[in-house]
Amino acid sequence: MRARVSEKTTVAVVFTAAVFMSALDTTIVNVALPTIGRDFAVAPIAVDGISVAYLVSLALFMPVSGYLGDRFGGKRVLLTATVIFTVASALCGVATSLGELVAFRALQGVGGGMMTPVGMAMLFRAFPPGERLRASAVLVVPTTLGPASGPVLGGLLVSELSWRWVFWVNIPIGIAAVAFGAIFLRHRAEAGPGRFDLTGFLLSGAGLGLLMYGISEGPNAGWASPAIVAGIVVGAILLALTVLVEYRAAEPILAVRLLGDRLFRSGTVANILMTSGFIGTLFVMSLYLQDGRGLGALAAGLSIFPEAVGVAVGSQLASRVLYPRLGPRRHMAGGLTGIATSIGLMALLGAHSSLWWARLLMFAMGFGMAQVMLTTQTASFATVSPEATGRASTMFNAGRQLGAATGVALLTTAIGIVGATHHVSGHLVANLDAYRAAFLVAAAFCLAGVPFALLISDADAAATIPARRRPRRDRLAAHATPARSGRGRQ
């Protein structure tokens with residue numbers, strides 16, 4: 001039975017499950033935070049530690065994931081990371097205090113920080129460049145389905161069962177992924193992973209962790225808060241030192257030299273900016289629908305979910321038609337422009353706008369997302385060697401995670417600057433201008449990615465562009481010609 005399941009299928013199945021759990025976690029927990037605060041009798045601002053602990057832990061362990069995958073083999077590290085994430089999810093669900101929950105969320109971040117980079121490296125090693133378009137078409141669905149389904153599933157679980165189920169929902173997925181992977185995944189350690197770069201690990205982990213803390217807590221604690229300023233400044237300095245040290249290191253834990261590769265650099269930066277706008281928009285749309293329009297968590301989630309449908313439809317069209325015809329340069333630039341346009345139109349939504357307009361725009365955003373994510377994940381690694389794929393995946397995913405935190409933080413700040421509420425005729429009501437401003441900021445993020453997309457050369461990514469199929473008549477003629485010539489020589 002084991003021989004009947006190809007390595008490509010096995011890696012795709014396990015990685016899809018891991019990515020879905022990690023992506024789902026980015027939004028499903030947010031829905032439960034108010035209920036958790038009431039259950040533990042703590043101030044609303046105190047529950048932010050649940051999200052911050054996860055993000056900081058994620059940032060600390062993500063840089064080392066590439067080295068661990070190369071040193072011990074992708075199968076061992078991916079399955080270990082999935083086990084850690086699953087066990088931590090179970091522990092989060094049985095936490096009896098806020099302190100315990102924060103600690104278990106930090107443990108969850110250890111697993112989450114390694115799952116996606118290691119799994120992506122395994123996927124791209126299993127699929128040669130010419131087949132990565134097909135792999136990315138599968139990968140893009142759980143990557144975006146998770147965040148979009150989080151509000152729906154979270155609202156349903158919190159209202160019908162308990163907030164604890166937003167963590168327990170990971171358990172069956174994790175168990176199934178580990179069992180399947182343990183049976184069918186093949187163990188393969190990469191040759192020559194080199195010595196462990198302790199200096200690079202400490203600098204990059206501390207820098208990313210402090211920067212993630214500062215960015216994620218900035219909107220709540222205030223950007224002028226000494227702790228926030230110190231976290232961002234020190235984190236940025238440590239990351240700058242990381243770049244200098246790792247560039248000169250013989251065996252760096254972060255392969256910063258890959259940023260000299262135009263294709264990888266342009267795709268990575270465009271991906272960061274797109275993720276900032278996308279994740280930020282999911283967050284703001286939820287606030288607009290719940291705080292601005294008065295919808296419940298479940299109803300708001302159902303109005304956001306069309307984004308996932310747009311991704312599912314868009315990914316098929318992108319992989320089968322658009323990417324082969326347009327090439328990565330025009331495909332990525334067009335997708336970013338489409339996302340920016342759909343998010344920009346969300347700024348026109350008012351207090352009485354039909355929810356179907358919001359759903360249509362969410363669908364359009366998801367459709368555009370599929371174009372960009374499929375393109376960046378397919379093309380960015382085209383010129384990266386198999387040996388460097390693990391560490392390239394680490395950098396790619398670390399940037400995406402930082403982009404997601406930055407997008408939510410800056411859009412939240414935009415809402416705070418404008419003011420989420422204001423007085424009208426002596427009554428305190430929602431100020432929809434605040435959400436409009438946030439949508440425009442998100443659209444600007446995506447537009448900022450267009451110049452980087454235009455720097456891409458289709459020739460650099462030629463190996464990832466499938467040859468367009470010839471008409472059936474031409475294929476038959478091509479097969480017939482050798483046959484005739486063969487008979488003529490006899």
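Relevant structure appears above.
Residues numbered from 1 in each chain as written. Predicted model: local features only at pLDDT ≥ 70, side-chain atom pairs only at ≥ 80, totals over all residues. Heavy atoms only, no water.

**Student:** Looking at this structure, how should I read the overall build of the chain?
**Tutor:** In terms of helices and strands, the chain carries 17 helices and two strands. A separation threshold of at least 6 residues defines the contact pool for the chain, and within that pool the share at least 24 residues apart is 83%. Split by element, the accessible area of the chain, about 20,100 Å² in all, is 67% carbon and sulfur. (Helix = DSSP H or I, 4+ residues; strand = E, 2+ residues; numbered from the N terminus. Contact = heavy atoms within 4.5 Å. Areas by Shrake-Rupley, 256 points an atom, 1.4 Å probe, with all protein chains shown as cover.)

**Student:** In this structure, what is going on with empty space enclosed by the protein? I would like to understand it.
**Tutor:** Rolling a probe over the atoms, with the probe sized like a water molecule, indicates the empty space that remains. This model, assessed by the stated rule, comprises two cavities of 30 Å³ or more. In this structure, the second largest cavity encloses a volume near 30 Å³. In terms of lining residues, the second largest cavity is bounded by Ala-59, Met-62, Leu-208, Met-212, Ala-398 and Gln-401. Sorting the residues of the lining of the second largest cavity by element identifies helix H2 (48-72), helix H8 (198-221) and helix H14 (389-418) as the ones contributing at least two each. For the lining of the second largest cavity, a count of residues per class yields five nonpolar, one polar and no charged. (1 Å grid on protein atoms, 1.4 Å probe; cavity = no way out; pocket = protein on both sides within 12 Å on 5 of 7 lines; lining within 4 Å. Points joined across faces, edges and corners; volume = space filled by probe spheres on them. Nonpolar A, V, L, I, M, F, W, Y, C, P; charged D, E, K, R; others polar.)

**Student:** How should the nonpolar core be read in this particular structure?
**Tutor:** In summary, soluble globular proteins display a tendency toward joint burial of nonpolar side chains. One finds Met-285 and Phe-439 to be the most contacted residues of the largest nonpolar core, which totals 55 residues. Elements with a minimum of two residues in this core: helix H5 (132-160), helix H10 (262-292), helix H11 (297-304), helix H12 (306-346), helix H13 (355-379), H14, helix H15 (432-448) and helix H16 (450-454). If one sorts the elements of this core by residue count, H10 sits on top with eleven residues. With sequence-adjacent residues up to four places away left out, Phe-439 is seen in contact with Thr-281, Val-284, Met-285, Tyr-288, Ile-343, Met-346 and Ala-347. Listed in part, the 52 residues of the second largest apolar core include Ala-12, Leu-55, Leu-78 and Val-118. (Core = buried A, V, L, I, M, F, W, Y, C linked by side-chain atoms within 4.5 Å. Buried < 20%, exposed > 50% of the residue type's maximum accessible area, 1.4 Å probe, protein only.)

**Student:** I would appreciate a short explanation of a nonpolar patch on the surface in the present structure.
**Tutor:** Taken together, Leu-210, Val-229, Val-233, Val-234, Ile-237, Leu-241, Leu-244 and Val-245 make up a surface patch of nonpolar side chains, about 590 Å² in accessible area. Of all the elements, helix H9 (residues 226-248) adds the most residues to the nonpolar patch, at seven residues. Along the chain, Ile-237 falls in helix H9. (Patch = residues over 30% accessible without salt bridge, like charges linked within 9 Å, V, L, I, M, F, W, Y side chains within 5 Å. Salt bridge = Lys/Arg side-chain N within 4 Å of Asp/Glu carboxyl O.)

**Student:** In this structure, what is going on with the packing of H12 against H15? I would like to understand it.
**Tutor:** Packed helices, taken two at a time, are described by the angle their axes make and the gap between the axes. As a packed pair, H12 and H15 sit with axes 8 Å apart at the nearest point and diverge in direction by 170 degrees. By the angle between their directions, the pair H12 and H15 is classed as roughly antiparallel. Taking contact as the criterion, the partners of Leu-336, Ile-339, Ala-340, Ile-343, Gly-344 and Met-346 in H12 are, on H15, Phe-439, Leu-440, Ala-442, Ala-443, Cys-446 and Leu-447. Residue composition of the contact of H12 with H15, by class: eleven nonpolar, one polar and no charged. (Axes fitted to C-alpha atoms, helices over the stretch in contact; angles between N-to-C directions. Parallel < 35°, antiparallel > 145°, perpendicular 65-115°, else oblique.)

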